[in-house]
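Reading the structure
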Amino acid sequence: MVDAMGRIHRHRCDVLDLVCPTPGRLLFGPAVTLSYFPSCGERLPADRYNFARLFYEAIGEDGRGAVLVMACNGHPEVSMGGGTKLTRVVNHGLAGVLADGRLRDFADLATYDMVTYCRGEALRWGGDVVTPFEANRPVVVAGVGIWPGDYVFADHSGAAVIPSRDVETVLEEAHRVVAADAAAAERIAQETADDHHGDTER
């Protein structure tokens, strides 16, 4: 997927070092975004700036199949939520969550009908450090820009972010990359040292 994006776009699209409570599962869908900000009770009162309110603002009338992208804005070691809050993701049929911070309650998340990728498991709540701030705005996750509607693909290797208008083109190109790699591997399996005498590396 990343190779396919590289053939079509020059900008970076990959997010690395992600952890999943259910390793091996794939996450794919259009992004709805939730941006966090350093907590401040004076400027960010909890009755307005809270997960529930901004979650519903992010998903709008129908969040089915979407990926909730949670941007920590500089606090990757802090919990951005846990099993109870994230039941909303399941209840409204989202595909899952991509968070560039930590999440709590991996044992619970592993039983949910969604896929979650994040920076790792947290034990301590993070509400005194960061709080939900904005919904459905462009966000930056691990240096990668993500706009609402961009497609997120994540597996055990990491995540790739695909502009919405190019998702079909990128998926088609990804299939071509896989086919080309398979053909190259087959050729390599048949080669000998004599095939490369005097050749530069191919």
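So, a few notes on the structure that sits alongside this text.

Thresholds applied
Residues numbered from 1 in each chain as written. Predicted model: local features only at pLDDT ≥ 70, side-chain atom pairs only at ≥ 80, totals over all residues. Heavy atoms only, no water. Phe/Tyr/Trp six-rings, centres within 6.5 Å; stacked < 30°, edge-to-face > 60°. Helix = DSSP H or I, 4+ residues; strand = E, 2+ residues; numbered from the N terminus. Buried < 20%, exposed > 50% of the residue type's maximum accessible area, 1.4 Å probe, protein only. 1 Å grid on protein atoms, 1.4 Å probe; cavity = no way out; pocket = protein on both sides within 12 Å on 5 of 7 lines; lining within 4 Å. Points joined across faces, edges and corners; volume = space filled by probe spheres on them. Nonpolar A, V, L, I, M, F, W, Y, C, P; charged D, E, K, R; others polar. Contact = heavy atoms within 4.5 Å. Lys, Arg positive; Asp, Glu negative; His and termini not counted. Salt bridge = Lys/Arg side-chain N within 4 Å of Asp/Glu carboxyl O. Polar contact = N/O pair within 3.5 Å; in protein donor to acceptor, adjacent residues only side chain to side chain.

**Topic: the packing of aromatic side chains**
Across all of its chains, the model carries six aromatic pairs by this definition. Pairing F51 with F55 gives two aromatic rings, centres 5.9 Å apart and planes at 15°, and the pair type is stacked. Here F51 pairs with F55, and both are found in helix α2 (residues 51-59), just four residues apart, close to one helical turn. The interplanar angle of 80° and the centroid separation of 5.2 Å between the aromatic rings of F55 and Y56 together place this pair among those described as edge-to-face. Accessibility expressed as a relative area gives 38% for Y56, which makes it partly exposed. The rings of F28, Y151 and F153 are connected pair by pair, giving a single aromatic cluster.

**Focus on the layout of surface pockets**
Put simply, the largest pocket is a space of about 360 Å³. Every residue lining the largest pocket is counted, 24 residues in all, and those nearest its centre are K85, W125, G126, G127 and V130. Counting residues per element, the lining of the largest pocket draws most heavily on strand β6 (residues 130-135), which supplies three residues. Class assignment for the residues of the lining of the largest pocket results in ten nonpolar, eleven polar and three charged.

**With respect to the environment of G65**
Note that G65 resides in the loop between α2 and β3 (67-71). According to the relative accessible area criterion, G65 is partly exposed, its value standing at 30%. C-alpha separation for the pair G65 and A174, spaced 109 residues apart in sequence, amounts to 21 Å. Not counting the four nearest positions on each side in its chain, G65 is found in contact with F28, G29, P30, G93, L94 and A95.

**Concerning the side chain of D150**
Relative to the helices and strands, D150 resides in the loop between β8 (144-146) and β9 (151-155). For D150, which is buried and forms no salt bridge, the nearest opposite charge comes from R165, at a distance of 8.5 Å. Here W147 takes part through its backbone nitrogen, which lies 2.9 Å from a polar atom of the side chain of D150. For D150, the residues in contact, after removing those within four places along its chain, are G29, P30, A31, G145, V161, I162, P163 and S164.

**Remarks on unusual backbone geometry**
In the Ramachandran plot, D105 falls in the positive-phi region, its phi being about 65° despite a non-glycine side chain. Phi is positive for A142, close to 55°, though the residue is something other than glycine. With respect to the helices and strands, the residue A142 is situated in the loop between β7 (139-141) and β8. On the basis of relative accessible area, A142 is assigned to the partly exposed category, the value being 26%.

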